[in-house]
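In case you want the letters, here they are:
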Amino acid sequence: MDYNLLTGNKVRLTALTEDDLEKIATWYEDIEFAHLFDALPAAPRTKSQLTKWYEDFTDSNTQYLFSIKTATTNEFVGYIEISDILWNHQVGWLSIAIGEKQQRGNGFGYESMKLAIDFAFSELNLRRLQLTVFSYNESAISLYNKLGFQNEGAYREFIKRNEKAYDMLLFGLLKREWESRTKNSEK
Ligand SMILES: CC(C)(COP(=O)(O)OP(=O)(O)OC[C@H]1O[C@@H](n2cnc3c(N)ncnc32)[C@H](O)[C@@H]1OP(=O)(O)O)[C@@H](O)C(=O)NCCC(=O)NCCS
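Keep in mind it's a predicted model, so treat the numbers as computed, not measured.

Some words on helix α5 (residues 138-147)
Every buried residue belonging to α5 is among Ala140, Ile141, Leu143, Tyr144 and Leu147, and all of these are buried. On an axial view of α5, the arc spanned by its buried residues comes to 160°, and they lie on one face. Looking at α5, the residues exposed on the side facing more than 90 degrees away from the buried face are Glu138 and Ser139. Looking one or two residues beyond α5, the residue adopting positive phi is glycine 148, at roughly 100°.

In structure tokens:
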């Protein structure tokens, strides 16, 4: 494994705290962000809505929530979730947001995903991770392909935005696929 658990060259994954919620609220004020990240109506989130969301994570033993901090300046740029873990099947869902628009395209999303995947497979002992992405989110689809996720199908016309219906794609990654990629990249 190239990475220390939760610490990379560009980012660190740390516990998300209530202090981070104010910044997350500003990200949800951006309709483009909301349409890329969430199937819910694009609307600003109140502090109490976000606090409830945050408390649901901290009270749960099936979810992990990390804040993404830049390694050099410790700036809070996004967050990553491992959620809805089914411990009996060793399966979990992954979700990522680099909320700070000007910080996208710097390699933070890619490294954060690698750290979270390593954590999920080696620390939580999960054997499968999955996620969904809207068909118009080309950046995220390209990221998941680059990480080795496989497109496993589509929820056809799941999302309706601006009078048009879009598919929601399902992507999955198995632990053995990740390990063989990691081994090959170490050669
Ligand atoms: C999708 C997202 C997580 C990518 O994170 P990022 O830090 O911007 O991406 P990185 O700089 O780490 O790039 C990693 C890979 O992602 C893909 N990617 C990133 N930005 C891209 C863009 N503008 N166009 C196409 N592909 C892009 C590429 O495959 C890239 O690899 P490459 O640099 O070798 O081409 C980020 O753009 C984001 O949070 N967007 C808003 C919320 C969102 O869409 N979340 C995902 C919901 S499913």
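From this point on, the discussion continues.
Things to note about the pairing of strand β7 (residues 164-174)
As paired elements, strand β5 (residues 128-134) and β7 share seven bridges and run antiparallel to each other. From the neighbouring strand, valine 133 faces β7, where its bridge partner is leucine 169. The pairing of strand β6 (residues 150-161) with β7 spans eight bridges and is classified as antiparallel. Bridge pairing in β7 links isoleucine 159 to tyrosine 166. Counted between consecutive antiparallel strands, the loop separating β6 from β7 contains two residues, among which asparagine 162 sits at a positive phi close to 50°.

Definitions and cut-offs
Residues numbered from 1 in each chain as written. Predicted model: local features only at pLDDT ≥ 70, side-chain atom pairs only at ≥ 80, totals over all residues. Heavy atoms only, no water. Buried < 20%, exposed > 50% of the residue type's maximum accessible area, 1.4 Å probe, protein only. Helix = DSSP H or I, 4+ residues; strand = E, 2+ residues; numbered from the N terminus. Arc of directions from axis to C-beta. Pairing = 2+ DSSP bridges.

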